Amino acid sequence: MVFLGSCSSDDEEYVAIDEPLEFTVPSNFPEPSYDLEANPPTKFGFELGKKLFYDGQLSANGFISCGFCHEQRHAFTHHGHQFSHGIDDLEGTRNTPAIQNAAFMTEFTWDGATSHLDLFPIIPITNEVEMGETVTNVVNKLKADKEYQKDFSLAFEDGEINTENFLKALAQFMVMMVSADSKYDKYVRNEAGGDLTDQEKEGMELFEQKCSSCHSTDLFTDGSFRNNGLPPNPQLNDVGREEVSGSADDRYKFKVPSLRNVEKTAPYMHDGRFGTLMAVLDFYDSGVVDSSTLDPLLKQEERLGIALSLSEKEAIIAFLNTLTDNTYLNDERFSEY
Ligand code: HEC
Ligand code: HEC
């Protein structure tokens, strides 16, 4: 899809050619779930989406951009914040998850509040403790901005600044955010730089036995909602998936998170309760609590949880660190500046 976008303003004339961006599926990944034909990423659509992602105008006070909470060098999580922290210093109740490989995911947020990446941005924009704005106001602000008038005319055939194109541009940016270049990826694809140490290999075997039924495929999540036995946080009483489904069978179930770049995304879990990977493994080893919705996989041993010795925990952590993708964390295509 190549088309001409042209637009004249005052005495200047632009003629720029948009071009499709190639979306490459890594050979160790499943097929994408995002409908790339309905919203094919293009050079200008992606660039516009990136500009929007880092633009504080998307919030009521003009200061909180998507990138404020989703920082690239921490795999687009909010480093140092247990809970999301947005407009007027208000705090939410959940930890900011990574944004990566969104084109391969089918549900978004910890409880799966939406399955449409295109519609996703409406949630943080209208959330009163995140961006506290309305989509109509955002679109009006963009319409009044000369630069955005040009950007939209280049990125979309109809050139309109409207909700649909606004959301499509943001989705194009997020769809292109693929993380698949860690040491582990190089190992499974037999590429240079993929030599795992003995400890990392031991950790990988332990992970395959004990963790990969939930953190499955090379996305490191099966995309399902499960209760992994965290003691409910009494202050928040976050019921998780039940919030969306209304079913008590879903109480305390949360989306299985991908573990890619997990070394960089502390703190961990939906409420950011653990500061280190060792604390997470101590929890799986000895902190799992029973309830009617606890995942059966965590009730298979004589005791609850997953028994792990200290050296096994260390090996698993060494393996998890091989999922750090420095190419992604430093990729200038996704950087604010
Ligand atoms: C105030 C901090 C904050 C801002 C601003 C923010 N987010 Fe988020 N983001 C979060 C939190 C917290 C969650 C998890 C919400 C939940 O589970 O209820 C999240 C979840 C997500 C997810 C889902 C990830 C997954 O794997 O489920 C995506 C995608 C995302 N945000 C994109 C955006 C975009 C795009 C914007 C700007 C329009 C944005 N965020 C603005 C904090 C923020
Ligand atoms: C029964 C399914 C299941 C098994 C088995 C499982 N996990 Fe999880 N894991 C989850 C779920 C669900 C969450 C999110 C829970 C929440 O936040 O409420 C999670 C969260 C995590 C997190 C936090 C990630 C983040 O971004 O916050 C890490 C790290 C983790 N698991 C590692 C492991 C390791 C290592 C193993 C094996 C020792 C393991 N998990 C076994 C389901 C599972």
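Residues numbered from 1 in each chain as written. Chains lettered and ligands numbered in written order. Predicted model: local features only at pLDDT ≥ 70, side-chain atom pairs only at ≥ 80, totals over all residues. Heavy atoms only, no water.

The name an unreviewed UniProt entry assigns to the protein is Cytochrome c peroxidase, from the organism Pseudozobellia thermophila.

Caption draft 1: Molecular detail of the site of ligand 2. Near ligand 2, the surroundings consist of 25 residues, among which C211, C214, H215, H270 and Y284 are the closest. A distance of 2.9 Å separates a nitrogen atom of ligand 2 from a polar side-chain atom of H215. Between a nitrogen atom of ligand 2 and a side-chain N or O atom of Y284, the distance comes to 2.6 Å. Mapped by element, the contributors of at least two residues to the shell around ligand 2 are β4 (254-255) and α10 (277-286). Looking at which element gives the most residues to the shell around ligand 2, the answer is α10, with 4 residues. Grouping the amino acids of the shell around ligand 2 by side-chain chemistry returns 18 nonpolar, 3 polar and 4 charged. (Near = heavy atom within 4 Å. Polar contact = N/O pair within 3.5 Å; in protein donor to acceptor, adjacent residues only side chain to side chain. Helix = DSSP H or I, 4+ residues; strand = E, 2+ residues; numbered from the N terminus. Nonpolar A, V, L, I, M, F, W, Y, C, P; charged D, E, K, R; others polar.)

Caption draft 2: The pattern of salt bridges, seen in detail. Applying the stated criterion to the full structure yields 21 salt bridges. Of the charged contacts, one joins R94 and D238 as a salt bridge, the two residues approaching to 2.8 Å between their closest N and O atoms. Of this pair, R94 sits in the loop between α2 (66-69) and α3 (122-126) while D238 sits in the loop between β3 (225-226) and α9 (242-245), and the two are 144 residues apart along the sequence. The same class applies to R94 as to D238, namely buried. A salt bridge links E200 to K183; its shortest N-O distance comes to 3.0 Å. You can see E200 sitting in helix α8 (residues 198-210) and its partner K183 sitting in helix α7 (residues 183-188), a full 17 residues away along the chain. The exposure class assigned to K183 is partly exposed, which follows from its relative accessible area of 26%. Look at the salt bridges and you will find they share partners, linking D282, D285, R303 and K313 into a network. (Salt bridge = Lys/Arg side-chain N within 4 Å of Asp/Glu carboxyl O. Buried < 20%, exposed > 50% of the residue type's maximum accessible area, 1.4 Å probe, protein only.)

Caption draft 3: Representation of the UniProt feature "binding site: heme c 1" (unreviewed entry) in the protein in the model. UniProt marks C66, C69 and H70 with the feature "binding site: heme c 1" (unreviewed entry), using the numbering shown here. C66 gets classed as buried once you look at its relative accessible area, which sits at 15%. In contact with C66, not counting residues within four places along its chain, are F53, L58 and M131. Within the fold, H70 resides in the loop between α2 and α3. Look at H70 and you get buried, because its relative accessible area is 17%. Not counting residues up to four positions away in its chain, the partners in contact with H70 are F53, F76, T77, T96, P97 and I99. (UniProt positions renumbered as here; feature names shortened; annotations may be inferred. Contact = heavy atoms within 4.5 Å.)

Caption draft 4: Representation of the domain arrangement of the protein within the structure. Domain annotation for the protein reports domain 1 (4-178) and domain 2 (183-326). Each of domain 1 and domain 2 was reduced to a C-alpha centroid, and the two centroids are 28 Å apart. Contacts between the two partners involve 29 residues from domain 1 and, on the opposite side, 29 residues from domain 2. Buried surface at the junction of domain 1 and domain 2, both sides included, amounts to about 2300 Å², of which 55% is carbon and sulfur. Sorting the residues of domain 1 by area buried against domain 2 places N28, W110 and D111 first, and these three jointly supply 28% of that buried surface. Taken together, domain 1 and domain 2 are joined by 1 salt bridge. For the pair domain 1 and domain 2, the interface holds 13 residue pairs in polar contact (both at pLDDT 80 or more). (Domains from an automatic or database assignment. Buried area = accessible area lost by both parts, 1.4 Å probe.)

Caption draft 5: Inspection of the coordination of the iron atom of ligand 2 at higher detail. On the protein side, the iron atom of ligand 2 has H215 (NE2) and Y284 (OH) as donor atoms, found 1.9 to 2.1 Å from it. The class of H215 is buried, set by a relative accessible area of 11%. (Donors = N, O, S within 2.8 Å, 3.2 Å for Na, K, Ca; no water.)

Caption draft 6: Just the site of ligand 1, in detail. Near ligand 1 you find 24 residues, and of these C66, C69, H70, T109 and W110 are the closest. In this structure, H70 approaches ligand 1 through a side-chain N or O atom, which is 2.9 Å from a nitrogen atom. At 2.8 Å, a backbone N or O of W110 approaches an oxygen atom of ligand 1. Considered class by class, the residues forming the shell around ligand 1 number 13 nonpolar, 8 polar and 3 charged.

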